[in-house]
Protein chains: 2
Amino acid sequence: MTATLPLPAQRPCMVGILGGMGPAAGADFVRLFVEACTRRMEALGIPVRDQAYPEHWLAQVPIPDRTAALGDRTPGAQQPAEPMAQATGRLVALGVQAMAIACNTAHAWHGELQQRFPQLKVLHGMREVAAALAASGDLRVGLLATQGSYDTGLYQAALADQGVACVLPLPHEREQLMQGIYAGVKAGDYALARSRFAAVAQALREREGLSSLIMGCTEIPLALDETAAGTRLVNPSQVLAEALARHAYAGMQAVAKVEAMACA
Amino acid sequence: MTATLPLPAQRPCMVGILGGMGPAAGADFVRLFVEACTRRMEALGIPVRDQAYPEHWLAQVPIPDRTAALGDRTPGAQQPAEPMAQATGRLVALGVQAMAIACNTAHAWHGELQQRFPQLKVLHGMREVAAALAASGDLRVGLLATQGSYDTGLYQAALADQGVACVLPLPHEREQLMQGIYAGVKAGDYALARSRFAAVAQALREREGLSSLIMGCTEIPLALDETAAGTRLVNPSQVLAEALARHAYAGMQAVAKVEAMACA
């Protein structure tokens, strides 16, 4: 019976990570992706060794500030779309079949990128997070993000699609988050970042009675943990890294299933 | 006076990281490189922001096992040289000017790679470590590494060149290290890795009276810290990441010097 099935891929497929937004978050995304691949291999019964990981390339390229660009849509050097597309094109030329964007705010250009590279699967972080929350029955969450992310409404829309209510911080709390992201993590001051992120998380928990918060900017998990926040924290980078690992091993899953069928 | 000097680079130069050996170590190398860049910018007085980092690409490609290949030099699919060269060629095509190899044992093919890509600066991890130890006056160190690394004698030669004495573990201790690397980190069992690495570190400290150990395999720092080892630990990935950051900002350093001269 197995002989009539199409030949499954012998290797996981090649994937890419578009990073540099910021670079510390891009590096952390690779770590999360490698860990997710290890778990995927264990789940699929593939012996874990260096050569069993998917080939993956990380592009850490200088991309203009995403939140600033969303506030000023005049074309020019400050727009992220073109450098994001250039780096993506180079990943596609290398042979990448699926890609994750290691920046929440940059998902404002997800549709444009996906349209420009139809042969590439560009994963969508917010949709992956919303689906994971709905699957776990977590139907009311707070959102910690950049001003740019709040303005695009990407998380709000993806969560609404899955029936998950999304609570936003007050304007002065959003300002605190921006300080933690820019004057904190992006400038290398992690103590400042931690204090700003923790203050907003605690305020949201006390005022709204929230038990789950989405860390909707890749810089936030680098300086916030559940002890400091006092709530469960959802790390979209982890959710997205797991989705990318699932894509990479999709063909191998078929192998495992075929072999299971053959054995049954 | 500044007008007669050649125009310095406005951006740090583009660099690459050859990883996948193993992938967790490659991801960790990027983290160390980003941290080293942050320190470099602070030292040079460059404001730290996403766009001020050097463009860098990480290639995590499947490379045959390095130690196994050193034990069997017959040509064929198990040899790392060709896949290492292919990934390096792709990094060069992307525009990378300097590259680090995120694997100690793979430095056995450093000379071959450097010869094949003369336009690329391929940094040499062991030489960077030896120079850093000599500069800090640490003239007698122990070496934790793979059997392949011991056999190539790369660390021993680089350390001897700098007048640093190198103490090796006994055969049964080397076997413990290989277990920690392969059955431990590369197979995702960090507890096993930690116990094997710590046992050898403690034995070396007690028998040889060593106060410094080189973690001469990229998997070792992922499961060993100074508390468990009871000695100072030298992380070659950190030394090499700092060397790569220095290369990336070499042109910017010139800018800072020129500006300092202009101000003086």
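Residues numbered from 1 in each chain as written. Chains lettered and ligands numbered in written order. Predicted model: local features only at pLDDT ≥ 70, side-chain atom pairs only at ≥ 80, totals over all residues. Heavy atoms only, no water.

A. Here's a closer look at the sheet that holds strand β6 (residues 165–167) of chain B. All names here are of chain B. As summarised here, the arrangement of the 4 strands in space is β6-β5-β7-β8, forming an open sheet in which the pairing is parallel. Looking at strand neighbours, the two that pair on one side only are β6 and β8 (232–234), the edges of this open sheet. Neighbouring strand axes in the sheet, compared pairwise and without regard to direction, differ in orientation by 35° on average. Bridge count between strand β7 (residues 212–215) and β8: 3 bridges; the pairing is parallel. Note that in β8 the partner of Ile-214 across the bridge is Val-234. Running over the sheet, helix α5 (residues 125–136) touches β5 (140–144), β7 and β8 and is turned about 140° from β8. Helix-sheet contacts for helix α9 (residues 190–208) involve β5, β6 and β7, and the interaxial angle to β5 is about 150°. (Pairing = 2+ DSSP bridges. Helix = DSSP H or I, 4+ residues; strand = E, 2+ residues; numbered from the N terminus. Axes fitted to C-alpha atoms, helices over the stretch in contact; angles between N-to-C directions. Contact = heavy atoms within 4.5 Å.)

B. How the structure looks around the domain arrangement of chain A. Residue and element names in this part refer to chain A. What the domain assignment reports for chain A is domain 1 (15–124 + 240–249) and domain 2 (126–235). Computed from C-alpha atoms alone, the centre-to-centre distance between domain 1 and domain 2 is 21 Å. Tallying the contact residues gives 22 residues for domain 1 and 21 residues for domain 2. Buried area between domain 1 and domain 2, both sides added, is near 1,500 Å², and the carbon and sulfur share of it is 55%. Broken down residue by residue, the surface that domain 1 buries against domain 2 is led by Thr-67, Asn-104 and His-124, which jointly contribute 42%. Where domain 1 touches domain 2, the interface holds 1 salt bridge. As a salt-bridge pair, Glu-128 and Arg-246 come within 3.5 Å of each other at their nearest N and O atoms. Counting residues per element, the side of domain 1 that touches domain 2 draws most heavily on helix α1 (residues 23–44), at 4 residues. (Domains from an automatic or database assignment. Buried area = accessible area lost by both parts, 1.4 Å probe. Salt bridge = Lys/Arg side-chain N within 4 Å of Asp/Glu carboxyl O.)

C. Quick look at the sheet that holds strand β8 (residues 232–234) of chain A. Residues and elements named next belong to chain A. A sheet is described by the order of its strands in space; here 4 strands give the open sequence β6-β5-β7-β8, paired in parallel fashion. The two strands at the open ends of the sheet, each matched to only one other strand, are β6 (165–167) and β8. Averaged over all pairs of adjacent strands, the angle between their axes in this sheet comes to 35°, without regard to strand direction. Pairing analysis gives 3 bridges linking strand β5 (residues 140–144) to β6, with the strands arranged parallel. In the strand pairing of β6, Arg-140 is matched with Ala-165. Of the strands in this sheet, β5, β6 and β7 (212–215) touch helix α7 (residues 154–161), which is tilted by about 165° from β5.

D. Representation of α9(B) in the model. All names here are of chain B. In this model α9 runs 27 Å from its N-terminal to its C-terminal C-alpha over 19 residues, within 8% of the 27 Å that 1.5 Å per residue would give. The set of residues buried in α9 consists of Ala-193, Phe-197, Ala-198, Val-200, Ala-201 and Leu-204. Considered in projection along α9, the buried side chains sweep an arc of 165° and stay on one side of the axis. Every exposed residue of α9 that faces more than 90 degrees away from the buried side is listed here: Ala-191 and Glu-206. Looking at the packing, one finds that the buried side of α9 touches β5, β6, α8 (171–184), β7 and α10 (226–229). (Expected span 1.5 Å × (residues − 1). Buried < 20%, exposed > 50% of the residue type's maximum accessible area, 1.4 Å probe, protein only. Arc of directions from axis to C-beta.)

E. Representation of unusual backbone geometry within the structure. Residue A:Gly22 is bonded to the preceding A:Met21 through a cis peptide linkage, with omega at -10°. Within the secondary structure layout, A:Gly22 lies in the loop between β1 (15–19) and α1.

F. Quick look at the relation of the copies chain A and chain B. Mapping chain A onto chain B is achieved by rotating through 180° and translating by 0.0 Å along the same axis, at an RMSD of 0.0 Å. Viewed as a symmetry operation, the transformation between the two copies matches a two-fold axis. Every residue of chain A has its C-alpha some distance from the rotation axis, and the shortest such distance is that of A:Leu58, at 2.5 Å. (Least-squares fit on C-alpha atoms with pLDDT ≥ 70 in both.)

G. Representation of the pairing of strand β3 (residues 98–101) of chain A. Residue and element names in this part refer to chain A. Here β3 shows a buried face lined by Ala-98 and Ala-100 and a second buried face lined by Met-99 and Ile-101. Where β1 and β3 come together, 4 bridges link them in parallel fashion. The partner of Ile-17 across the bridge, within β3, is Ala-100. Here β3 runs beside strand β4 (residues 121–122); their pairing, made up of 2 bridges, is parallel. Residue Ala-98 lies in a different strand from β4, and its bridge partner there is Lys-121. Each parallel crossover has a hand, and for β3 linked through helix α4 (residues 110–116) to β4 it is right-handed. (Right-handed = clockwise from strand over helix to strand, strands pointing away.)

H. Seen up close, the pairing of strand β2 (residues 56–60) of chain A. Residues and elements named next belong to chain A. Counting buried positions along β2 gives 5 out of 5 residues, so the element sits mostly inside the fold. The alternating pattern of β2 places His-56, Leu-58 and Gln-60 on one face and Trp-57 and Ala-59 on the opposite face, and all of these are buried. Two elements, β1 and β2, share 5 bridges in a ladder whose sense is parallel. Across the sheet, residue Leu-18 finds its bridge partner in β2, namely Ala-59.

I. Representation of helix α3 (residues 81–94) of chain B in the model. Over its 14 residues, α3(B) runs 20 Å from end to end, which matches the ideal 20 Å to within 8%, given 1.5 Å per residue. In this fold, the buried residues of α3(B) make contact with β2 and α3 (81–94) of chain A together with β1 (15–19), β2 (56–60), β3 (98–101) and α4 (110–116) of chain B. B:Gly95 lies just past α3(B) and shows a positive phi near 115°.

J. Broad picture of the interface of chain A and chain B. On the chain B side, the residues contacting the 39 residues of chain A number 39 residues. Buried area between chain A and chain B, both sides added, is near 2,700 Å², and the carbon and sulfur share of it is 59%. Of all residues in chain A, A:Asp50, A:Trp57 and A:Arg90 give up the largest surface area on contact with chain B, accounting jointly for 23% of the area buried on that side. Summed over the shared surface of chain A and chain B, the result is 6 salt bridges. A salt bridge links B:Glu55 to A:Arg90; the shortest N-O distance between them is 2.8 Å. Between chain A and chain B we count 13 residue pairs in polar contact (both at pLDDT 80 or more) in total. Secondary-structure elements contributing two or more residues to the side of chain A that touches chain B are α1, β2 and α3 of chain A. At 8 residues, the largest contribution of residues to the side of chain A that touches chain B is made by α1(A). Per-class residue counts for the side of chain A that touches chain B are 21 nonpolar, 7 polar and 11 charged. (Polar contact = N/O pair within 3.5 Å; in protein donor to acceptor, adjacent residues only side chain to side chain. Nonpolar A, V, L, I, M, F, W, Y, C, P; charged D, E, K, R; others polar.)

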